[in-house]
Amino acid sequence: MLDESAELSVSITQIVQRLKGTHLHSQLEKQAKECLHKPEIKLETLKDDVRRLLKASGWERKLQNAVYRELHILPPPGHPRAPPEHTKEPLAYMCKAQVNWEKRILKSLNSMCTELGIPLARKRPVPEQKELTNKWNEMGTDEPDLSKFRPVYAPKDFLEVLVGLRNPNNERSEDLTVRSHWGLIQVSLNVRNIPQMREMYPELGLTFGQLGIDDHTHVPPDLFESEHIHIGKKVVSEQDSAAAQQYSRQGCPTGLRAQLWSLILNTTNDPEDITHYEQLKARVIHHALLVDNLIYKDVKLTASNDDYYFVFEDYLYQVLLCFSRDTSVLEHFNYNSATPPKSCIQSKSGSEQSAVVYPPNGVIPFHGFSMYVAPLCFLYNEPSKLYSVFREMYIRYFFRLHSISSLPSGIVSLCLQFERLLQSHLPQLFYHLREIGAQPLRIAFKWIVRAFSGYLSTDQLLLLWDRILGYDSLEIVAVLAAAVFAFRAENLMEVTSLASAEAVLADLSTLKMKESHIGLELPEGALYSKDPYFVQAAFSPMNFSIMHDPRS
Amino acid sequence: MQVVFLTFSLTRAPKPQPQTWTGQHEKFIPAGILPCLGLSCQDKDCTPYPRYNTTVPLRDNYPPRQHSSLNPTSSVLRTLDRRHRTRREGRNCIRYRCGLTNTIQDVLNQRPGWVEVKEDGDWDFNWCDVGWLRENFDHSYMEEHVRICHFRNHYELTRKNLMVKNLKRYRKTLEREAGRMEAAKCDFFPCTFVLPSEYHIFVEEFKRSPGSTWIMKPVARSQGKGIFLFRKLKDIIDWKKDGSRSEEQKDEAQVESYVAQRYIENPYLIAGRKFDLRVYVLVTSYIPLKAWLYRDGFARFSNTRFSLSSIDDQYVHLTNVAVQKTAPDYDPEKGCKWQMQPLRCYLTAKHGFETVQTLSKEIDNIFIRSLLSVQKTIINDKHCFELYGYDILLDQDLKPWLIEVNASPSLTASSQEDYDLKYRLLEDTLHIVDMEGRLTGKEKRVGGFDLMWNDGPVYTDVGLEALGSSCLVANTHLGCVNDRQKQLQQLLKPFPGQKKT
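Keep in mind the model is a prediction, meaning the values are calculated, not measured. (Residues numbered from 1 in each chain as written. Chains lettered and ligands numbered in written order. Predicted model: local features only at pLDDT ≥ 70, side-chain atom pairs only at ≥ 80, totals over all residues. Heavy atoms only, no water.)

Draft legend 1. Broad picture of the sheet that holds strand E4 (residues 147-148) of chain B. Residues and elements named next belong to chain B. The sheet built from four strands is open, its strands ordered E2-E1-E3-E4 with parallel pairing. In this open sheet, the two strands that pair with only one neighbour each are strand E2 (114-116) and E4. Looking at chain direction, strand E1 (residues 94-98) and E2 are connected through three bridges and run parallel. Note on E2: the bridge partner recorded for isoleucine 94 is tryptophan 114. In the packing of helix H15 (residues 416-433) onto the sheet, contacts are made with E2, strand E3 (125-127) and E4, and the angle to E3 comes to roughly 145°. (Pairing = 2+ DSSP bridges. Helix = DSSP H or I, 4+ residues; strand = E, 2+ residues; numbered from the N terminus. Contact = heavy atoms within 4.5 Å. Axes fitted to C-alpha atoms, helices over the stretch in contact; angles between N-to-C directions.)

Draft legend 2. Spotlight on the sheet that holds strand E6 (residues 214-218) of chain B. Residue and element names in this part refer to chain B. The strand order E5-E8-E6-E7 describes an open sheet built from four strands, whose pairing is antiparallel. The open sheet has two free edges, formed respectively by strand E5 (192-195) and strand E7 (228-230), since each of these has just one partner strand. The average undirected angle you get between the axes of adjacent strands in this sheet is 25°. With four bridges joining them, E5 and strand E8 (residues 258-262) adopt antiparallel strand pairing. Paired with valine 194 across the two strands is valine 259, which belongs to E8. In this fold helix H6 (residues 160-178) packs onto E5, E6 and E8, with an angle of close to 130° to the strand it touches most, E5. Along the sheet, helix H8 (residues 199-208) makes contact with E5, E6, E7 and E8, crossing E5 at roughly 140°.

Draft legend 3. Region of interest: the confidence of the model for chain A. Residues and elements named next belong to chain A. In this model, chain A carries a mean pLDDT of 82, and residues with pLDDT of at least 70 account for 84%. In this model residues 212-219 is a low-confidence stretch, pLDDT under 50, and it forms 23 contacts with partners more than four residues away in sequence or in other chains. Within the model, pLDDT remains below 50 along residues 514-552, and this stretch shows 143 contacts once partners closer than five positions in the same chain are excluded. (pLDDT = per-residue confidence, 0-100.)

Draft legend 4. Seen up close, the packing of helix H13 (residues 340-351) of chain B against helix H14 (residues 353-373) of chain B. All names here are of chain B. Remark: H13 packs on H14, axes separated minimally by 7 Å, with the N-to-C direction vectors making an angle of 130°. In this view, H13 runs oblique relative to H14, as classed from their interaxial angle. Where H13 abuts H14, its residues Arg344, Leu347, Thr348 and His351 lie against Phe353, Thr355, Val356, Gln357, Leu359 and Ser360. Each residue belonging to the contact of H13 with H14 can be placed in one class, and the counts come to four nonpolar, five polar and one charged. (Parallel < 35°, antiparallel > 145°, perpendicular 65-115°, else oblique. Nonpolar A, V, L, I, M, F, W, Y, C, P; charged D, E, K, R; others polar.)

Draft legend 5. Spatial organisation of the side chain of aspartate 450 of chain B. All names here are of chain B. In this structure, aspartate 450 sits in strand E16 (residues 449-454). A distance of 2.8 Å separates the side chain of aspartate 450 from the side chain of arginine 295, its partner in a polar contact. With residues up to four places along the chain from it excluded, the contact list for aspartate 450 reads Ala291, Trp292, Leu293, Arg295, Lys444, Arg445, Asn475, Thr476 and His477. (Polar contact = N/O pair within 3.5 Å; in protein donor to acceptor, adjacent residues only side chain to side chain.)

Draft legend 6. The interface of chain A and chain B, seen in detail. Each side of the interface is counted separately: chain A has 36 residues, and chain B has 28 residues. Overall, the association of chain A and chain B removes approximately 2700 Å² of surface from exposure, summing both partners, and the carbon and sulfur fraction of that is 59%. If you look at where chain A meets chain B, you find two salt bridges. Between lysine 233 of chain A and glutamate 354 of chain B there is a salt bridge, with the nearest N and O atoms lying 3.4 Å from each other. Run the count over chain A and chain B and you get five residue pairs in polar contact (both at pLDDT 80 or more). Among the secondary structure elements, those contributing two or more residues to the side of chain A that touches chain B are helix H11 (221-238), helix H13 (254-264), helix H16 (313-325) and helix H21 (458-471) of chain A. For the side of chain A that touches chain B, the residue count by class is 14 nonpolar, ten polar and twelve charged. (Buried area = accessible area lost by both parts, 1.4 Å probe. Salt bridge = Lys/Arg side-chain N within 4 Å of Asp/Glu carboxyl O.)

Listed below in structure tokens is the structure:
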């Protein structure tokens, strides 16, 4: 093992390497050079003076934020002799499962291609380009016939793959404990238990104010709220990524969320970002891809039918089409267990063949993919800004929800986390559902894969995502999924089939976390005591006949 | 003005008025006049209270001013009310009549202790359509406790031409009495003229702003029927002598009034789409004015993307669900509505909390001013209440504009979510009308309704003043969380014969 300082120096080298040559780098250099002309710079204290000036002009903060961003996507340093694939996924059987899964997706995509006689990509004729340019802002008004297209896969298919995962080292089933047979996920990964979670999520404890969660805190709600908003404004004015992230743990006020999130993600809307977006748009206009149809179909099937998101149909096409052309997304495959699919293109002469990533960003959309973008439309209305926030969210978090990996925030761990929480805190419920053939994960999986987008009402969802950004982890998604079961436990105990269990949990849009704010509290009744209700999502009790009060 | 009643011509021929009274001396008293004093009660037990002269001159249009001066103090009314309650509890059920077959019927049906009465039976509560009201209201006698869902001359606010007339008059009075600044607070309706009567001033105004777009609406039709946009005078001249219309329609057109309204050319767009707001306001009394604002409501989106270049395409411009439904690419599964909460969330995220606060203050202003503009015109009547559906449009500067007010807002639901909203709305309306006598009359909030005006502005009790700040916060929460069930549980006594859970 590396010791800490060596580890640190490796990270520093990596970050310096990555920031070199960026736009920020050249800007900093330019600023430093300009400083030299200022009278207050003395030759003998040159270094300190320049530093001070950069600090005063806010450039130091920008650098800090950039470093902070790199830290987020920096893979954990592995053993120096470990091959680079290990940072993608250290467990061989996971790698294999992911590779097989990708093969299946590609096969399905290829067969659709042949079946429909549509090329993977083609250049649009000029009149079509013109038409698309004119329609760019109203692509949703187009109603092409997409009946032949079907999503490459749906969360359900993906769940089957996860259920089939086995660790070859644990092949003999009699070695497994009784508990590990209970759930659908049969691999053993290290997930946090309740005491560990308490350590991880101290701000969700009872003694902390949560935006709008006022029942259990000792501070009067209005006082907490106005204080919290006040601090939020300060965080925004300081332009500090780290502070914004810490702040987001207790929930962002609606009016500040857009600024806070882009601060946390360190996304900017500089002229370069706008140019980048315009370039992507030009690529969409020049070439048509097969995946465009998949995107189109997905938006029509999901967001356009959603009570909240139908309005944003046009934005979704714009963002998703541009996303599929963005080769800078490929970078995230350095730490994603997935590998971008390749396809062969024939050169004009037909003699040479070369492999290219397809689609250009390496991500094949599946049923529900557009729901990752939809909630963000509530925050940003310039497409370029919306785009950069989505891209950053994707390469930090969302990719984990559909790649097979053993990482703590990966989908397998989340599923396992969800099952473990239910098993250890509501064993009776878990047993009952399992007995009637309604494995809880079968119901919760779709929520988890979409990080609840399209299931919770938007305001609640944004409060949930506040916590994802705040803790830089998707774990909270699994915790909430378990909490939903806990809150409907009484009704669920009475159901006798998967269908009726699904019916009990069909509509989550009424889940209200205390006065419009998420109550993702992990309070004494939960993480903080021995009580079975480990998450106090302070749902309005009247929405359910089954509100549990741990203290009663 | 024979024009005014044109829309009602479809209603049934007058029937013999229901004999709902037991008394002899009060024959054919317009129900809007006497019973509202709460004094024409037939119950013998009530007689110890001073009875005002019950032989008031019988006129069809009794000036409302006079009986406001006769109004007994509210405490007397309350005492009377209580006595009635006791009496009604003896009957143990509330008889209702319902003239509509939609959400309201379900709400009434499912209300504990309420029973429907057949066509001509006696009723305590009547949710009628405006046609019924026009035919029967003047001929029916109503007991003290009886309630009906319209004011006699509700059209003063809900007919496009009368609304504008009343608002213009109110604005003039304000300017005279309170100055220009105050009058400017009424500038929330687009420049409007009634045609044909104001044709000449309209033409003058039209010529003053060349190139602008105007919208024509028949005053008495609803749901977007007969509406069109124009930019040239020639267009309406052509329309006036449009040969393609049948003879029958022509006759109708001769008497049918239109309003020509300056079209709002810079509406606020969300993702390129135009929308308007539907907000519900409940008025339980005009003198003194008592109005409630519902927290929920919705934004109706146009299915097509907005651009002024296609003014012939009315689907772009009209956000009425009724119009949108006939659009060629309308997909009922899609829905064109946003509830108020996501809208508020969206606007707050984009413009900040303070801006949205200011916007809702301005919207409140529209409700209050428009109601005040007809306060002296509407025949106040203790039996009447009215649920108005306000249509509001926002422009790019987030200024709200009053488009129109509906006395019979569509209660037919377009989706489950819509049904739930309307169900909640109507349930809470009935809570406030309070046939069961479960309220004290001092509530500032009942379910999803917040008291907005009670002979003056209403402010919230809690909040900043508790923290030592002196600023007053309006008691309205449009688009805020509607945790009505919890609130109702705390507020209401259980229904008679029902156990509190």
